[in-house]
2 protein chains.
Amino acid sequence: MVKAAVSRKTLREQVAEILRKKILNGEIKPGERIIEADVAKAFQISRGPVREALRQIEEEGLVTYESHKGCIVKTMSYEDMQEAYLIRSTLETLAAKMCSGNLPSDLEERMERNLEKMGEAAEKRDLYQIVELDEEFHSCVVMSSQSEKLYKVWKSLESGNTSAYFTMETESLVPFDVLKANHQRILEAFRTKSVEEICREIENHYMIVPKVLFEEMQKKKNL
Amino acid sequence: MVKAAVSRKTLREQVAEILRKKILNGEIKPGERIIEADVAKAFQISRGPVREALRQIEEEGLVTYESHKGCIVKTMSYEDMQEAYLIRSTLETLAAKMCSGNLPSDLEERMERNLEKMGEAAEKRDLYQIVELDEEFHSCVVMSSQSEKLYKVWKSLESGNTSAYFTMETESLVPFDVLKANHQRILEAFRTKSVEEICREIENHYMIVPKVLFEEMQKKKNL
DNA sequence: AAAAAGTCAATTGTTAACAATCTACTTTCG
DNA sequence: CGAAAGTAGATTGTTAACAATTGACTTTTT
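Residues numbered from 1 in each chain as written. Chains lettered and ligands numbered in written order. Predicted model: local features only at pLDDT ≥ 70, side-chain atom pairs only at ≥ 80, totals over all residues. Heavy atoms only, no water.

A. The arrangement of the UniProt feature "domain: HTH gntR-type" (unreviewed entry) in chain A in detail. Within this numbering scheme, the UniProt entry marks residues 9-76 of chain A as carrying the feature "domain: HTH gntR-type" (unreviewed entry). Taken as a whole, residues 9-76 of chain A contains 53% helix and 15% strand, while its terminal C-alpha atoms sit 31 Å from one another. (UniProt positions renumbered as here; feature names shortened; annotations may be inferred. Helix = DSSP H or I, 4+ residues; strand = E, 2+ residues; numbered from the N terminus.)

B. Representation of the pattern of salt bridges within the structure. Residue and element names in this part refer to chain B. Taken as a whole and assessed by the stated rule, the structure comprises 31 salt bridges over all chains. For glutamate 58, the salt bridge goes to arginine 55, with nearest N and O atoms at 3.5 Å. Within this pair, glutamate 58 and its partner arginine 55 are both found in helix 3 (residues 47-59), separated by three residues, close to a single helical turn. Overall, the relative accessible area of 18% leaves glutamate 58 in the buried class. (Salt bridge = Lys/Arg side-chain N within 4 Å of Asp/Glu carboxyl O. Buried < 20%, exposed > 50% of the residue type's maximum accessible area, 1.4 Å probe, protein only.)

C. Expanded view of the interface of chain B and chain A. Contact with chain B, which involves 27 residues of that partner, is made by 26 residues of chain A. A combined buried area of about 2,300 Å² lies between chain B and chain A, and 62% of that area is made up of carbon and sulfur atoms. Our count for the contact surface shared by chain B and chain A stands at two salt bridges. The partner of glutamate 52 of chain B in a salt bridge is arginine 51 of chain A, and the shortest N-O contact between them spans 2.6 Å. Linking chain B to chain A there are four residue pairs in polar contact (both at pLDDT 80 or more). Contributions of two or more residues to the side of chain B that touches chain A are made by helix 3, helix 4 (78-98) and helix 7 (148-158) of chain B. (Contact = heavy atoms within 4.5 Å. Buried area = accessible area lost by both parts, 1.4 Å probe. Polar contact = N/O pair within 3.5 Å; in protein donor to acceptor, adjacent residues only side chain to side chain.)

D. Structural context of the layout of surface pockets. By volume, the second largest pocket amounts to about 820 Å³. Along the wall of the second largest pocket there are 32 residues; nearest its centre are Thr90, Thr93 and Lys97 of chain A together with Thr90 and Lys97 of chain B. Of all the secondary-structure elements, those providing two or more residues to the lining of the second largest pocket are helix 4 (78-98) and helix 10 (195-221) of chain A together with helix 4 and helix 10 (195-221) of chain B. The element best represented in the lining of the second largest pocket is helix 4 of chain B, accounting for eleven residues. Grouping the amino acids of the lining of the second largest pocket by side-chain chemistry returns 16 nonpolar, eight polar and eight charged. (1 Å grid on protein atoms, 1.4 Å probe; cavity = no way out; pocket = protein on both sides within 12 Å on 5 of 7 lines; lining within 4 Å. Points joined across faces, edges and corners; volume = space filled by probe spheres on them. Nonpolar A, V, L, I, M, F, W, Y, C, P; charged D, E, K, R; others polar.)

As structure tokens, this is what we get:
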């Protein structure tokens, strides 16, 4: 059979990538079931690669398999999010310490551009983009450490459905302005302040975001 | 075909478990190649489950796949180990903070017994057991947080071949007495001291171990 | 009518064959 | 003799069929 000349990646990788995106994106909702055969049919491939892809994103923490029962997208509670944020906060402050507050210039530029894009996305109310930009910004913070390991660990937590929680469980809009202002303060701290100051900003950020989000949830409930 | 009546677990799980053990154990050495067909033949099963198992322990960080090339056991440098230890140290101190230094009594008992066993294993010079006990002790520290997420993150790093490094790369004996004495200090801190004191003990531990290990390596080289 | 047992469809778990790709070796050509 | 090109074997990537397990539905039994 003739294969598309473009695909350098293996089917497993492609499927994993797409499914991951769909879950983080919210197209496939938490609690929803994913059936191997259906996915295989949709992509016009066999079940093998689909199975492997699902198994991979299971390890990443996005879905769970129960033996002989199948595969469902993980749900995440408010408490789960707080827990994840506490760990992320710790890892990101560790990154700041590891680089002694010296942000590589390429990362600084990326963060700068990121903030601009965040402004644009906020105007358009493009929720998906916001989530992506948020992830990019924080990944820059982590990568300041230059540690592959730290990045991998951090990332494994990120996939733990934090973004999906934003977009799905609450369906409430992320308070863009708070987000952007916080990020700005973090970048500024990296530029001009001490390591301790940077850490304080990061910790502060991860205290405020869930709090604001909680308020949003309450507001929504009282409608 | 008639299957062994014992196995409640899926083949993938069984194979993953065995291979993981063999790698951490040192039976399969870092840098060594693992060929799906060989493993399948050895277990008298087809390549499918073997493949899935390998893919899983790849995600865990024990091996790497290169597309169409195959699967090799990850190697770890001294610097890698230091990096891993720094992160582990941070995560374990976070655990101590999360439980405010209040160690659940079942964990305290496990740690107590762990120390006893460590003494026995040290006498027998049972390297493999030492590695296992070391892992158990630290997992108790992490679990004091009662956080599934934290445990999972920590564990993902643990599998990153730290133990294998102990047993394989250096092939030098872990300084048992230092290890046990350190663990004892940590447990003691949990029992009687403040959170800050516990954190200090943990951090201290993760400073000393690589240092001592480095000295062992030097000694070995100069033989 | 309620509980137990049995059937059936759906879905995951496993297998074995086939296709694509890589590595190393051999051959060819300058 | 050395470099480029081709070839063969080994190994991973993919497929499609088959087996085992589960859960819901139906039937039987009391």
